[in-house]
Amino acid sequence: MKSENKKEMFRAAQLGIPVSGETALEILHCDPDEIPEVMSCTNLVRKRRFGDTLLMCSILNAKSGECTEDCAFCAQSAHHSTHADVFGLAAVEEIESEYRKASQLPVSHFGVVTSGKALKGTEIGQICAAAERTKAPGLAWCASLGCLDKDELLMLKHAGFKRFHHNLETAESFFPRICSTHSYERRIDTVRAVKEAGLEICCGGILGLGESLEQRVEFAALLSREQVDSIPLNFLIAIEGTRLEGLPPMAPLDMIRAIAMFRMMNPGAEIKVCAGRIHLRDLQSMVFYAGATGIMIGDLLTVAGRNVKEDLQMVEDLGFRIA
């Protein structure tokens, strides 16, 4: 890294402010022997804002497959031929049961996730009924139901949901290469509607889709401008039958650099490492020193997650607390 960018990085860490785009790009280009210096900054930012407490989350795939959208990475798109499960919306009782199971884990957020561009009103009501009937101390209801409008989001708010998840997926300049069935503007409108409805917004995306390093910085800067509450970072797991099936996974150190860059551009946001964490191999524990405030545990949408006991042992060995 250039000396002036290092100075800016250390100053930003001390003040808790975002680094510039130029310095963010330097972080992505940093040499392996510079990563400890970067981590001294990202770890400071994380500790000052969140202490040594980590935030875990889990999700329920409540409706799967047959999505009309053509997102290049997605196993659930009807435009792809994959082996992803296909089923309609889970019954209220099943959603409640999975929530109760999650309440036995050390997780603070339980997300109900459905496939498709947007869930319909009657189906939203079904999910709201589950949240209204079942609550556990310390476990927040969250939802990822597509491009909902403000009135639909208010239904969730009134039912007791705390947070809505809606990824922008990638930089605006790269999005047309990933999806053609809806616009980036539509996704941003949903993010802003979430905030207008008084819900927390969980908004991130997937790295390793073929975007450039400059586009990763562009994406992180947009999330900073939108002042999102939580940033889930996923790393592409190339699924056979999708348009991106041939892409290789990101290198472990590039994943660490990316997490660090998002932390330094978004000092006040949670950063959770989700799908694709397996690509880190033996470097998984480094995500917290790179600035992550948590991980997703348990199974993911269309692929299995890491063993929960192994994740909890890793956190214990590192000396962190779980909220």
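Our structure is the block above this text.
These remarks concern the structure in this document.

Quick notes on helix H6 (residues 150-159)
Since one α-helical turn is 3.6 residues long, residues separated by three or four positions face the same way.
Here is step 1 of the chain: Those residues of H6 not exposed but buried are Glu 152, Leu 153, Leu 156 and Ala 159. Each buried residue of H6 lies within a common arc of 120° when the element is viewed along its axis, so the set occupies one face. In H6, those exposed residues whose orientation departs by more than 90 degrees from the buried face are Asp 151 and His 158.
Here is step 2 of the chain: For H6, the elements touching its buried residues are helix H5 (121-133), strand S4 (140-144), strand S5 (163-165) and helix H7 (184-196).
Here is step 3 of the chain: Measuring from the backbone nitrogen of Asp 151 back to the side-chain oxygen at the start of H6 gives 3.2 Å, which picks out Asp 149 as the cap.
Here is step 4 of the chain: Gly 160, located one to two residues past H6, shows a positive phi value of around 110°.

Concerning the pattern of salt bridges
Here is step 1 of the chain: Here the structure, examined in full by the defined rule, presents 17 salt bridges.
Here is step 2 of the chain: A salt bridge links Glu 226 to Arg 192, with the nearest nitrogen and oxygen atoms 2.7 Å apart. One end of the pair, Glu 226, is in helix H8 (residues 213-226); the other, Arg 192, is in helix H7, and 34 residues separate them in sequence.
Here is step 3 of the chain: Take Arg 192: its relative accessible area is 42%, and that puts it in the partly exposed class.
Here is step 4 of the chain: Through salt bridges that share partners, Lys 162, Arg 163, Glu 200, Glu 270 and Lys 272 make up one connected network.

A look at the environment of Met 250
Here is step 1 of the chain: Tracing the backbone through its elements, the reader meets Met 250 in the loop between strand S8 (230-235) and helix H9 (252-265).
Here is step 2 of the chain: Beyond its immediate chain neighbours, meaning those up to four positions away, Met 250 contacts Leu 207, Gly 208, Arg 216, Phe 235, Met 255, Ala 258 and His 279.

Quick notes on a negative patch on the surface
Here is step 1 of the chain: Together, Glu 172, Glu 185, Asp 189 and Glu 218 make up a region of like negative charge exposed at the surface.
Here is step 2 of the chain: Within the fold, Asp 189 resides in helix H7.
Here is step 3 of the chain: For Asp 189, a relative accessible area of 40% corresponds to the partly exposed category.

What to know about the packing of helix H4 (residues 92-102) against H5
Here is step 1 of the chain: Put simply, H4 and H5 touch, their axes get as near as 9 Å, and they point 45° apart. As far as their axial angle goes, H5 and H4 are oblique. For the element pair H4 and H5, the recorded crossing hand is right-handed. Taken together, the residues of H5 that come into contact with H4 (itself represented by Val 92, Glu 93, Ile 95 and Glu 96) are Gln 126, Ile 127, Ala 129, Ala 130 and Arg 133.

Overview of H8
Here is step 1 of the chain: Taking 1.5 Å as the rise per residue, H8 with 14 residues should run 20 Å; its terminal C-alpha atoms sit 20 Å apart, in good agreement.
Here is step 2 of the chain: Buried positions along H8 lie against helix H2 (21-29), H7, strand S7 (205-207), S8 and H9.
Here is step 3 of the chain: Just downstream of H8 lies Gln 227, where phi reads positive at about 50°.

Quick notes on the rules
Residues numbered from 1 in each chain as written. Predicted model: local features only at pLDDT ≥ 70, side-chain atom pairs only at ≥ 80, totals over all residues. Heavy atoms only, no water. Buried < 20%, exposed > 50% of the residue type's maximum accessible area, 1.4 Å probe, protein only. Helix = DSSP H or I, 4+ residues; strand = E, 2+ residues; numbered from the N terminus. Arc of directions from axis to C-beta. Contact = heavy atoms within 4.5 Å. Polar contact = N/O pair within 3.5 Å; in protein donor to acceptor, adjacent residues only side chain to side chain. Salt bridge = Lys/Arg side-chain N within 4 Å of Asp/Glu carboxyl O. Patch = residues over 30% accessible without salt bridge, like charges linked within 9 Å, V, L, I, M, F, W, Y side chains within 5 Å. Areas by Shrake-Rupley, 256 points an atom, 1.4 Å probe, with all protein chains shown as cover. Lys, Arg positive; Asp, Glu negative; His and termini not counted. Charge placed at Lys NZ, Arg CZ, Asp CG, Glu CD. Axes fitted to C-alpha atoms, helices over the stretch in contact; angles between N-to-C directions. Parallel < 35°, antiparallel > 145°, perpendicular 65-115°, else oblique. Left-handed = near helix turned anticlockwise from the far one by under 90°. Expected span 1.5 Å × (residues − 1).

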